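Survey of secondary and tertiary structure
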Amino acid sequence: MKEVTIVESPQGHSGSGFFATSFDEAIGLARSYSLWPLPFATSCCGIEFMATMGSHYDISRFGSERPSFSPRQADLLMVMGTIAKKMAPIVKQVYLQMAEPRWVMAVGACASSGGIFDTYSVLQGIDRIIPVDVYVPGCPPRPEQIIDGLMQVQYLAQNEKLRRRNTDEYSALLASYNIQ
């Protein structure tokens, strides 16, 4: 029988009947286990994502059981599959409609680097139009890899400071993508 691992509590002070921690730690823990993904699937990677939603892999164990098909209600954009250059403005518009904090996961070789399609019509990686937080390799990646990518985003969400999105460094990153 496999041992169950329990999430460690954030750093803080405990006593008889109470536990106190920082606001950043509590918000980070809550954010990391309540990610609402927006699947932007165009190819075979989308089929693998559908497998992760099924009962065998069960992505809901990680707090992402509610896929959001509205960018205004999502905080994780999962781009899966080949993105044509004609679709690039739509992907960027979806990203801009998402509220902060937002994370992006490029799933598969096509979303990460254009994959085998080194042609004039295929975008050679979505990081040319929007910033990417996590890359999931594979063609197509296995459901376990997608879950591992989700866990990496959870780690980022849990350890991100609340004010990081207000820094000059983050503003410069967005400005490099012509995002205000």
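Heads up: these notes are all about the structure in this document. (Residues numbered from 1 in each chain as written. Predicted model: local features only at pLDDT ≥ 70, side-chain atom pairs only at ≥ 80, totals over all residues. Heavy atoms only, no water.)

1. A look at the sheet that holds strand S4 (residues 76-80)
Read from one edge of the open sheet, four strands run S3-S4-S5-S6, paired in parallel fashion. Edge strands, defined here as strands with exactly one partner in the open sheet, are strand S3 (37-41) and strand S6 (134-136). Averaged over all adjacent pairs, the angle separating strand axes in this sheet is 20 degrees, with direction ignored. As defined by bridge partners, strand S5 (residues 103-107) adjoins S6 across three bridges and the pair is classed as parallel. Within S6, the residue paired with Val107 across the bridge is Val136. Packed on one face of the sheet, helix H2 (residues 44-53) meets S3, S4 and S5 and runs near 130 degrees to S4. (Pairing = 2+ DSSP bridges. Helix = DSSP H or I, 4+ residues; strand = E, 2+ residues; numbered from the N terminus. Axes fitted to C-alpha atoms, helices over the stretch in contact; angles between N-to-C directions. Contact = heavy atoms within 4.5 Å.)

2. Structural notes on the packing of aromatic side chains
Pairs of aromatic rings are described using the distance from one ring centre to the other and the angle between the two planes. Evaluation of the coordinates by the stated rule reveals zero aromatic pairs. Seen from the ring of Trp36, Arg66 lies directly overhead, with NZ or CZ sitting 4.0 Å from the centre. Cation over ring: Arg102 sits above Tyr95, and NZ or CZ is 4.1 Å from the ring centre. (Phe/Tyr/Trp six-rings, centres within 6.5 Å; stacked < 30°, edge-to-face > 60°. Lys NZ or Arg CZ within 6 Å of the ring centre and 35° of its normal.)

3. Some thoughts on the pattern of salt bridges
All chains considered together, the criterion is met by two salt bridges. A salt bridge links Arg102 to Glu100, with the shortest nitrogen-to-oxygen separation between them at 3.4 Å. (Salt bridge = Lys/Arg side-chain N within 4 Å of Asp/Glu carboxyl O.)

4. Side note on the nonpolar core
Membership of the largest hydrophobic core comes to 23 residues, with the highest contact counts inside it found for Phe40, Leu77, Val79, Tyr95, Ile126 and Ile130. Only S3, S4, helix H3 (88-97), S5 and helix H6 (168-176) provide two or more residues apiece to this core. Broken down by element, the residue count for this core peaks at four residues, all from H3. Contacts of Val79, omitting those with residues within four sequence positions, involve Phe40, Val91, Met105, Ala106, Val107, Ala111 and Ile126. Listed in part, the 19 residues of the second largest apolar core include Leu35, Phe49, Met80 and Val153. (Core = buried A, V, L, I, M, F, W, Y, C linked by side-chain atoms within 4.5 Å. Buried < 20%, exposed > 50% of the residue type's maximum accessible area, 1.4 Å probe, protein only.)

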